[in-house]
Amino acid sequence: DMERQFDATPALCVMAQMALWNFLAQNDKQLPRLHSAADASRLVELAQEVGAAWLEEEATNVADIDVERVSKVALYARTELPSVATLLGALAAQE
């Protein structure tokens, strides 16, 4: 069911991002710790809560989140975001 998977991808990405924002709000604006299984599992829980709320509001038809993808967001968020910010800053400085 490849078509359904591609239709769900944007919603899953937004759920993961909203879960990350909720995590930041609950943890003094700290990203999940690098390679922390506890933080990854908490982020998965938050993403499931976001998904459940969306299903109740009929904002999406995506019932399941991609646990592996959300876990990877948590496990590597501290290393990925600063690198991207550095790259964007360097590109802006060139202009």
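It should be emphasised that the depicted structure is a prediction, and the values quoted were computed from it without experimental measurement. (Residues numbered from 1 in each chain as written. Predicted model: local features only at pLDDT ≥ 70, side-chain atom pairs only at ≥ 80, totals over all residues. Heavy atoms only, no water.)

## Details of empty space enclosed by the protein
Item 1. According to the stated counting rule, one finds one cavity of 30 Å³ or more in the structure shown.
Item 2. Each pocket or cavity is described by its volume, and for the largest cavity that value is around 30 Å³.
Item 3. Along its surface, the largest cavity is lined by Leu-12, Ala-16, Ile-65, Asp-66, Arg-69 and Val-70.
Item 4. Of all the secondary-structure elements, those providing two or more residues to the lining of the largest cavity are helix H1 (2-26) and helix H3 (67-94).
Item 5. A breakdown of the residues in the lining of the largest cavity according to their chemical character gives four nonpolar, no polar and two charged. (1 Å grid on protein atoms, 1.4 Å probe; cavity = no way out; pocket = protein on both sides within 12 Å on 5 of 7 lines; lining within 4 Å. Points joined across faces, edges and corners; volume = space filled by probe spheres on them. Helix = DSSP H or I, 4+ residues; strand = E, 2+ residues; numbered from the N terminus. Nonpolar A, V, L, I, M, F, W, Y, C, P; charged D, E, K, R; others polar.)

## Overview of the pattern of salt bridges
Two side chains bearing opposite charge may form a pair once their charged atoms approach each other closely.
Item 1. Per the counting criterion, the structure on display carries five salt bridges.
Item 2. Here Asp-66 and Arg-69 are joined by a salt bridge, their closest N and O atoms 3.6 Å apart.
Item 3. Taking the relative accessible area as the measure of exposure, Arg-69 reaches 40% and is therefore partly exposed.
Item 4. Residue Glu-68 is joined to Lys-72 by a salt bridge in which the shortest nitrogen-to-oxygen separation is 3.3 Å. Highlighted residues: Glu-68 and Lys-72, both in helix H3, separated by four residues, approximately one helical turn.
Item 5. Here Lys-72 falls in the partly exposed class, since its relative accessible area comes to 44%.
Item 6. Three or more residues joined by partner-sharing salt bridges are found here, namely Arg-42, Glu-45 and Glu-49. (Salt bridge = Lys/Arg side-chain N within 4 Å of Asp/Glu carboxyl O. Buried < 20%, exposed > 50% of the residue type's maximum accessible area, 1.4 Å probe, protein only.)

## Some points on a nonpolar patch on the surface
Item 1. Nonpolar side chains collect at one region of the surface, where Val-84, Leu-87, Leu-88 and Leu-91 lie side by side and expose about 380 Å² of accessible area between them.
Item 2. Secondary-structure assignment places Leu-91 in helix H3.
Item 3. Taking the relative accessible area as the measure of exposure, Leu-91 reaches 48% and is therefore partly exposed. (Patch = residues over 30% accessible without salt bridge, like charges linked within 9 Å, V, L, I, M, F, W, Y side chains within 5 Å. Areas by Shrake-Rupley, 256 points an atom, 1.4 Å probe, with all protein chains shown as cover.)

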